[in-house]
Amino acid sequence: MQEYKLAHPAVLPQLPKAPTGIEGLDEITEGGLPLGRPTLVCGSAGCGKTLMGIEFLVRGVLDYHEPGVLMTFEETAEELAANVASLGFDLAALQADKMLRVDHVHIDRSEIEETGEYDLEGLFIRLGHAIDSIGAKRVMLDTVEALFAGFPNEAVLRSEIRRLFRWLKDKGVTTIITAERGDGTLTRQGLEQYVSDCVILLDNRVIDQITTRRLRIVKYRGSTHGTNEYPYLITEDGISVLPVTSLKLEHQVSDEIVSSGVPELDEMFTRRGWYKGSSILITGTAGTAKTTLAASFAREACRRGERCLYFAFEESPAQLIRNMRTVGIDLQPCVDQGLLRIEASRPTLNGLELHLVKVHKLIKDFKPQSVVIDPISNMVSVGSLSEVRSMLTRLIDYLKVNNITALFTALISARDGRMEMTEEGVSSLVDTWLSVRDLEGIGERNRGLSILKARGMAHSNQVREFIVTEQGIQLLDVVIGPAGIITGASRLTQRMQEQARLVAQQHEIARKDRELERRRRVLEATIENLRTEFETVEEELRQVNNEEQARQQTVEQNRTTIGQGLTTTQLPTPPADAQRPA
Amino acid sequence: MIETRETSAAETAPPDGETWELRLYIAGQTVKSVTALANLKRYCEEYLAGHYTLEVIDLLKNPQLAEGDQILAIPTLVRKVPEPIRKIIGDLSNEERVLVGLDIRSRDDR
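A few points on the structure. If you're wondering where the values come from, they're calculated on a predicted model, not measured in any experiment.

Rules of the game
- Residues numbered from 1 in each chain as written.
- Chains lettered and ligands numbered in written order.
- Predicted model: local features only at pLDDT ≥ 70, side-chain atom pairs only at ≥ 80, totals over all residues.
- Heavy atoms only, no water.
- Pairing = 2+ DSSP bridges.
- Helix = DSSP H or I, 4+ residues; strand = E, 2+ residues; numbered from the N terminus.
- Axes fitted to C-alpha atoms, helices over the stretch in contact; angles between N-to-C directions.
- Expected span 1.5 Å × (residues − 1).
- Buried < 20%, exposed > 50% of the residue type's maximum accessible area, 1.4 Å probe, protein only.
- Phe/Tyr/Trp six-rings, centres within 6.5 Å; stacked < 30°, edge-to-face > 60°.
- Lys NZ or Arg CZ within 6 Å of the ring centre and 35° of its normal.
- Contact = heavy atoms within 4.5 Å.
- Buried area = accessible area lost by both parts, 1.4 Å probe.
- Salt bridge = Lys/Arg side-chain N within 4 Å of Asp/Glu carboxyl O.
- Polar contact = N/O pair within 3.5 Å; in protein donor to acceptor, adjacent residues only side chain to side chain.
- Parallel < 35°, antiparallel > 145°, perpendicular 65-115°, else oblique.
- Nonpolar A, V, L, I, M, F, W, Y, C, P; charged D, E, K, R; others polar.

Considering the sheet that holds strand β6 (residues 112-114) of chain A
- Ordered by their spatial adjacency, five strands build an open sheet running β6(A)-β4(B)-β3(B)-β1(B)-β2(B), and the pairing between neighbours is mixed. The sheet is open, and its two borders are formed by β6 of chain A together with β2 (52-58) of chain B, each paired with just one other strand. Averaged over all pairs of adjacent strands, the angle between their axes in this sheet comes to 20 degrees, without regard to strand direction.
- Bridge count between strand β1 (residues 20-26) of chain B and strand β3 (residues 76-81) of chain B: five bridges; the pairing is antiparallel. Among the inter-strand pairings, L22(B) is bridged to a residue of β3(B), identified as R79(B).

Structure below.
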């Protein structure tokens, strides 16, 4: 039995779903609304219930070729068309194409007198006719609760509404029913009792004078779904629910390495750079050249011919370009080539969510390979910490999924002693974390850079001093003094001392060389002397020897001569004979 | 479209000198519809004899007509003329309310 169950889950049909086409909503609902069933969308005034319904219909027509019926109980067709025209939805054109049908149900309590029994068959017939006339797959009822104002007999109405939902289900149309939120209940008239398949709650909250709209799926029968409250926005393209991106950590990773734009910094990583598609955080106190590092990275990206999107939340593009030019980072050519786009705005301009959506939109349009956000820390001025964190999480996710290298800078306060904690707590989200800081000594401050973490590669553990020169950022060589790595003036002192020592050493060596030379010469002279002496002795000895030989020869000769003298008269011989007796 | 069109000869003076235009919307021959039609005919003959036209519209046959008069409930009686338009929903079993609703009773009282 157990095995049977395990062997077949894949065969079991999934609950069929109708994709809404609304950005982000399909991710949360894991595919869309329940197909052929009613979904209740409830919320207080100004939440965008109607808009969500209309977008569902319009996207259904445009993206999925499913005709839709919009039955409105409050606004007329013209009013609705005008309301959504600003979002680029042309209801009139859709109606002309017979893809959409708008039916305005007008209820005027004063016109209606009630006597005896009745039902709402007329409504069913109207709706049925509208659906059949265009073969609609999607229906929206906005808002059924208006019926309660028109018909005093609640008992009849309730049973009819129950029948209506049943009937819609039987018809197999995917329906959105909007309803006003009630006191302590989801809807004022308790419609949630009738719609049991899917209930979506919209909420509009003002916290610290900033409005945030939130969406939550209260229930979704027969399907799993995201259970959190998700912020959503009404933008010029309609509703956008965040996260716009995947909720899972399933993105592909790249093994490619990109340069940081500072060659010496690249050297600090064993793979000479950081991974493409990873996220990098640069934290530092004020004035530690975070922006310069970011600009170096941006320019390097452009130099490779990649597009880079730079969000500047503190400086205007012109100011940024001017300032960076003074340190040898000319961004203007990159901008001119269309490779770099600088988007500058104050964070307080929008709420956090709107920022996020703006970022998404720009990324979608510009398709950059790298993104710089400078800085993320002042986002806190628009939202609470947890909100900022959740926004950044989503942003980083989105960038990662799209394999975009992201560089963030964050200002941290040096005073509170938590040097390695960013307020936003994004550090756990980023892959590479650089810390730049002031190394304050006596009467001066120097900049130091270190790598706090680099996922997936070994890296240097040194705090490297760097200077911002007219040619950009330059990391200085590590100088190790008596008490560890030294920087700034001590570095200079150290260097001067070293130079002096070097000179002294060279002098010493030269002196020793000379000494050696002298010694060599003395020795050579001595050797020469000895050799001369030896020659003299040798010569003397040789002379003595020669004399001795000569003397002996003479003796010999004389002896022979004496011998010969006896026979010379008889035998005048050649010298060979003469020698024989010798 | 028009199921029945009846014009009866006048016996009493019409309340306003003009002809009343009444429409009854039904959906098939349900109990409610039949009751409503019977009731309506009775009232008309009694109070508006000869000065009314009555259209009975079956929405099952002509569903597109429901939109025009904003019909939701069945049965619905609509008084088109005289103005203003009045609507009475239900099976018209309460004579008093129908007459008040159609402005017949109040005029009579005067």
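Here's the deal with helix α13 (residues 352-366) of chain A
Residue and element names in this part refer to chain A.
- Taking 1.5 Å of rise per residue, 15 residues should cover 21 Å, and α13 covers 21 Å from first to last C-alpha, within 8% of that figure.
- Here α13 has its buried residues at L352, E353, H355, L356, V357, V359, H360, L362, I363 and F366.
- Just downstream of α13, K367 is the residue with a positive phi angle, here 50 degrees.

Comments concerning the packing of aromatic side chains
- Applying the stated criterion to the full structure yields five aromatic pairs over all chains.
- Connected via pairs of aromatic rings, a cluster forms that spans F269(A), W274(A) and F297(A).
- Across from the ring centre of Y220(A), 4.8 Å away, lies the NZ or CZ of K17(A), which sits over that ring.
- The residue whose ring lies beneath R79(B) is W20(B), and the NZ or CZ to ring-centre distance is 5.3 Å.

Notes on the interface of chain B and chain A
- Contacts between the two partners involve 27 residues from chain B, matched on the other side by 25 residues from chain A.
- Summed over both sides, the interface of chain B with chain A buries roughly 2200 Å², with 55% coming from carbon and sulfur.
- Area buried by chain B at its contact with chain A is led by Q70(B), L72(B) and I89(B), which between them contribute 31% of it.
- For the salt bridge of E67(B) with R101(A), the shortest nitrogen-to-oxygen distance reads 3.2 Å.
- At the surface where chain B touches chain A, the tally comes to 18 residue pairs in polar contact (both at pLDDT 80 or more).
- Among the elements of the structure, α2 (65-68), β4 (86-89) and α3 (95-101) of chain B are those that each provide at least two residues to the side of chain B that touches chain A.
- If one sorts the elements of the side of chain B that touches chain A by residue count, β4(B) sits on top with four residues.
- Sheet analysis places β6(A) next to β4(B), joined by three bridges and oriented parallel. Within β4(B), the position partnered with E113(A) by the bridge is I88(B).

Structural notes on the sheet that holds strand β23 (residues 472-475) of chain A
Residue and element names in this part refer to chain A.
- Pairing is mixed across the open sheet formed by nine strands, whose spatial order is β17-β16-β18-β19-β15-β20-β21-β22-β23. Either end of the sheet is taken by a strand with one partner, and the two such strands are β17 (340-344) and β23. Averaged over all pairs of adjacent strands, the angle between strand axes in this sheet comes to 25 degrees, irrespective of strand direction.
- When strand β16 (residues 308-312) meets strand β18 (residues 370-374), the two strands line up parallel, connected through five bridges. Each bridged residue has a counterpart across the sheet, and for L309 the counterpart in β18 is V371.

Some remarks on the packing of α13(A) against helix α14 (residues 385-401) of chain A
Residue and element names in this part refer to chain A.
- Running from N to C, α13 and α14 cross one another at 10 degrees; their axes reach a closest spacing of 10 Å. Taken together, the axes of α13 and α14 lie roughly parallel to each other. Between α13 and α14, the residues in contact are L352, E353, H355, L356, V359, H360, I363 and K364 and E387, V388, M391, R394, L395, Y398 and L399, respectively.
- When its residues are assigned to classes, the contact of α13 with α14 shows nine nonpolar, two polar and four charged.

A look at the side chain of R464(A)
Residues and elements named next belong to chain A.
- Locating R464 in the fold gives a position in strand β22 (residues 464-469).
- Note on R464: relative accessible area 11%, which makes it buried.
- At 3.1 Å, the side chain of R464 and the backbone oxygen of L476 are in polar contact.
- If near-sequence neighbours (up to four positions away) are discounted, R464 is found in contact with E264, M268, R447, G448, L449, L475, L476, D477 and V478.

Nothing here speaks to function; it is geometry throughout.
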